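Chains, contacts and geometry: an overview
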Amino acid sequence: MDAITEKLTLITQNLPAPIRELGVSLIDEKCYVKLIEQLDFSDTECVKLALSKGLGIAIVVGGSIVKVPQIALILRTRDSSGLSVPSYILETLSYLITLFYSYRNSFPFSTFGENVFLSVQDIVVSLLIFLYGDSPNPSRRTGDIGLLTGFFIASISTLYSMSLENLAYLQLATLPLSLFSKLPQIVANHKAKSTGQLSAFAVLSQIIGCVARVYTTSTEVGDPIVQAGFGLALLLNLILGIQMVFYWGNVPPAAKKKAVAAEKKTVYPTEVEPIDETLTQDYFLTNGRQRRSRPMQRVDHAEGSSRKWERKVD
């Protein structure tokens, strides 16, 4: 075993400079030498830091696609039933506040980077909810989308220019924001006994992400406000996950109404009985058929033909 370790250390001690610089920037010089160059995992603090960095990077990468299945589901079905607009708006604000608060405090990007991608994806989902909502008035739908877009732009601009002290107060506000962002969706699911177009992948990913974030923030950041926010988000996402299990396969009432309305509007063609053109005009008159036809005219046929009467074609 020692011989294998010795051979591996010869490789790790001679890694290209860019790789070494990247490793040092992530877990500092001391931990890089211990874990990578010496392959010594006896230092608990360095192991915890490396694990936290690895989880953080994984969360940032995963956060870039976590809501993509939800967006694809809405676009494919052209239906946003079961999704709560207030939930997504409040969740977006919570992500944006955490993003700017962490950035202004110079926290490592691996501890908050996913908020960039989650904010963008939540904004897209919010707009799609209006686009494919139940509003029968297209002009009103367009106006709502415009107002919501303006609201998000104003929010980002305000948070960017806000002082660090005020951002700290807003970061405290993310606790009730997280609560109120999930409650409308939880209540909507409970009333409909269905999770509608809510993506199971998105919910499961958020649960896993929150578990990892509770660990990474406690290891690298140590900010109790941020940790409390992720802890509450984990609890609420767990409730959504439980609802996913209990209401799996249930169709929301709005979707049922649409299906019934579409069924009523469907016009089935009536089956027309084929008419034998060889029958005489007297046959139709005696059988009560109201068929308008031109008088039968005598037409001369070739010699030997038995047909003497034929319907004249205009």
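I will try to describe carefully the structure that is included in this document. (Residues numbered from 1 in each chain as written. Predicted model: local features only at pLDDT ≥ 70, side-chain atom pairs only at ≥ 80, totals over all residues. Heavy atoms only, no water.)

A few words now on the overall build of the protein. Helix and strand counts for the protein stand at twelve helices and two strands. Reading the protein from its N terminus to its C terminus gives the helix and strand order α-α-α-α-α-α-α-α-α-α-α-α-β-β. For the protein, the proportion of its 314 residues judged to be buried stands at 34%. Taking the contacts inside the protein whose residues are at least 6 apart along the sequence as the reference set, 72% of them involve residues at least 24 apart. Accessible surface computed for the protein: about 19100 Å², of which carbon and sulfur atoms make up 64%. (Helix = DSSP H or I, 4+ residues; strand = E, 2+ residues; numbered from the N terminus. Buried < 20%, exposed > 50% of the residue type's maximum accessible area, 1.4 Å probe, protein only. Contact = heavy atoms within 4.5 Å. Areas by Shrake-Rupley, 256 points an atom, 1.4 Å probe, with all protein chains shown as cover.)

Turning our attention to the packing of aromatic side chains. Taken as a whole and judged by the stated rule, the model has four aromatic pairs. Ring geometry for Y101 against F107: centres 6.2 Å apart, planes inclined by 75°, an arrangement best described as edge-to-face. By relative accessible area, F107 is classed as buried at 17%. Here F151 and F152 contribute two aromatic rings whose centre-to-centre distance is 5.7 Å and whose plane-to-plane angle is 55°, an arrangement assigned as tilted. Judged by its relative accessible area of 36%, F151 falls in the partly exposed class. (Phe/Tyr/Trp six-rings, centres within 6.5 Å; stacked < 30°, edge-to-face > 60°.)

The subject of this paragraph is the state of the cysteines. In the structure shown here, the tally under the stated rule is one disulfide. Across the disulfide from C31 sits C46; the S-S distance is 2.1 Å. On the S-S bond that ties C31 to C46, the torsion sits near -75°, and the link is left-handed. Within this pair, whereas C31 is found in helix α2 (residues 17-37), its partner C46 is found in helix α3 (residues 44-63), the two being separated by 15 residues in sequence. (Disulfide = S-S within 2.5 Å.)

All told, the structure shown has six salt bridges when counted by the stated rule. Its salt-bridge partner being D43, residue K30 comes within 3.5 Å of it at the nearest N-O pair. In this pair, K30 is assigned in helix α2 and D43 in the loop between α2 and α3, connecting sequence segments 13 residues apart. Note on K30: relative accessible area 52%, which makes it exposed. Close ionic contact of E91 with K182 constitutes a salt bridge, the shortest N to O distance being 2.4 Å. Here K182 lies in helix α8 (residues 164-192) and E91 lies in helix α5 (residues 85-104), a separation of 91 residues in the sequence. Each member of the pair, E91 as well as K182, is classed as buried. Via salt bridges that share partners, K67, E91, D122 and K182 belong to a single interconnected network. (Salt bridge = Lys/Arg side-chain N within 4 Å of Asp/Glu carboxyl O.)

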